[in-house]
Amino acid sequence: MAPPPPAPPPHQSAQLIQQFLSTVLSQRGPSSLPYTEDSKWLIRQHLVSLISSYPSLQLKTELFNHTDGTQSNLLQAQGTIPMIYMNVTYNIPIIIWLMENYPRNPPVVYVNPTRDMIIKRPHAHVNPSGLVSSPLLQSWIYPSSSLCDVIKELSRLFGLDPPLFSQNPNLSGRNYSSNSNAETMRVQLDTGRPAIPPRGAYDQSPYGVSRPQQTDDSVEIYKKNAINKLLESLHGDIAILRKNRQVEMEGLINAQATLRRREEELLKGVREMQEEKEALEQKLQMVLMNTDVLEGWLRENEGKVRMDEGNLNIDEVFEPVDALSKQMLDCTAADLAIEDVIYSLDKAFQEGSLPFDQYLKNVRALSREQLFHRATASKVRAAQMQAQVANMASRASHSQYGM
């Protein structure tokens, strides 16, 4: 298997991204990516737009382990995405996998915690293994949905409920001041690591600040319920619209396949008709040549018939081309004449006009003569075949010398 091309460096330019995608998407053989040809253009557009909007993500190809034990070489975007929590911007490390059926189906997104990070449990959109689920991923619409839309939604959802916490062993106890938390965040940003809110003594606060849990009043609860109902209705409408669009697209794809099949059948029929036309034209040329030969023979012999109209000898109408042909004609005529005489003798014997002994004597003599003519004809035919083979060989040698 050929090694994959090197991934473009972080903060890569659009030209390097284009070169990398063109290389990996055009590969053939065992190291090729499993995406269909009609989806590679849209994949390239989605990834270029994603890296342009979020330069902290880096593209590369990696092996993805499926649950059934198989592996696939897929495109991956790995890095951090921003989230705003309590008016402070943090970076969440994630991995985006483009599966084999992308972009018809949504990508697979994981949060990628480092050693000093833990996943919040429970979380509305991240399971304990790090797999991310969101309304857009669940109601993905091809081809309008994009990777940038997914990242925008995740940034908003993570800002409402951070999925990761930093484990800081220096911070122990239940009460932490906001200044110490800010200093921790500043140190994490300076070291270049993704800045994640530290987990404190209380799960209610991702910053670890000890503060009482706030309760929502009835108005807030009503507003949240109304928003949830509206979102559920919107997601249902989107799912129905997506299903209808998929049905329409499948119908169009089936119609396209039918039209292509009919096009192939028409092209095949046209080719067959063209071949048949050429064959008929060749046969027509042969017929015209034979017609010219016959017309020439008729013109040549028409005068002879008129001149010898009263003294026409039937034996001189056909003239053999050589001695073998004349001998073959004589032998064949004698054979057929003896056949007619034997037939007449049989008929005379059956009618009783010819004695039996005379019938046997004549038949014996005629059969002997007929056998002689047939043997002669067989030898003449063999001589003609040899002459024909010698003639063809001489023609072939002449043609080679002429070339």
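All values derive from a computational prediction rather than experimental measurement.

Draft legend 1. Structural view of the overall build of the protein. Along the backbone of the protein there are eight helices and six strands. Secondary structure elements of the protein occur, N-terminal to C-terminal, as α-α-β-β-β-β-β-α-α-β-α-α-α-α. With 403 residues in all, the protein has 30% of them scored as buried. In the protein, the proportion of contacts linking residues at least 24 apart, taken out of those at least 6 apart, comes to 58%.

Draft legend 2. The pairing of strand β1 (residues 58-65), seen in detail. Examined bridge by bridge, β1 and strand β2 (residues 71-85) share eight bridges and lie antiparallel to one another. By the bridge assignment for β2, K60 is matched with Q76.

Draft legend 3. Quick look at the nonpolar core. L50, L75 and I96 are the most contacted members of the largest nonpolar core, which has 48 residues in total. When residues in this core are grouped by element, the largest group, seven residues, is from strand β3 (residues 88-98). Every residue in contact with L50, bar those within four places of it in the chain, is listed here: L57, A77, I96, L147, C148 and I151. Counting eight residues, the second largest nonpolar core, distinct from the first, contains I342, A348, L354 and V363.

Draft legend 4. Molecular detail of the confidence of the model for the protein. For the protein, the average pLDDT comes to 80, and 79% of its residues sit at 70 or higher. Of all helices and strands in the protein, the one with the weakest mean pLDDT is helix α5 (residues 178-190) (39), whereas strand β4 (residues 108-111) scores best (94). Note on residues 171-195: pLDDT is under 50 here. Beyond four places in sequence and across chains, it has 35 contacts. Overall, residues 198-216 carries pLDDT values under 50, and its contacts beyond four positions in sequence, including any with other chains, amount to 46 contacts.

Draft legend 5. Geometry of the packing of aromatic side chains. Inspection of every chain in the model, using the stated rule, returns four aromatic pairs. Where F349 meets F356, the ring centres are 5.5 Å apart and the plane angle is 50°; that geometry is what we call tilted. Ring geometry for F349 versus Y359: centroids 4.8 Å apart, planes at 15°, classification stacked. Residue F349 is found in helix α7 (residues 323-351), and its partner Y359 is found in helix α8 (residues 356-402); the two are separated by ten residues along the sequence.

Parameters and conventions
Residues numbered from 1 in each chain as written. Predicted model: local features only at pLDDT ≥ 70, side-chain atom pairs only at ≥ 80, totals over all residues. Heavy atoms only, no water. Helix = DSSP H or I, 4+ residues; strand = E, 2+ residues; numbered from the N terminus. Buried < 20%, exposed > 50% of the residue type's maximum accessible area, 1.4 Å probe, protein only. Contact = heavy atoms within 4.5 Å. Pairing = 2+ DSSP bridges. Core = buried A, V, L, I, M, F, W, Y, C linked by side-chain atoms within 4.5 Å. pLDDT = per-residue confidence, 0-100. Phe/Tyr/Trp six-rings, centres within 6.5 Å; stacked < 30°, edge-to-face > 60°.

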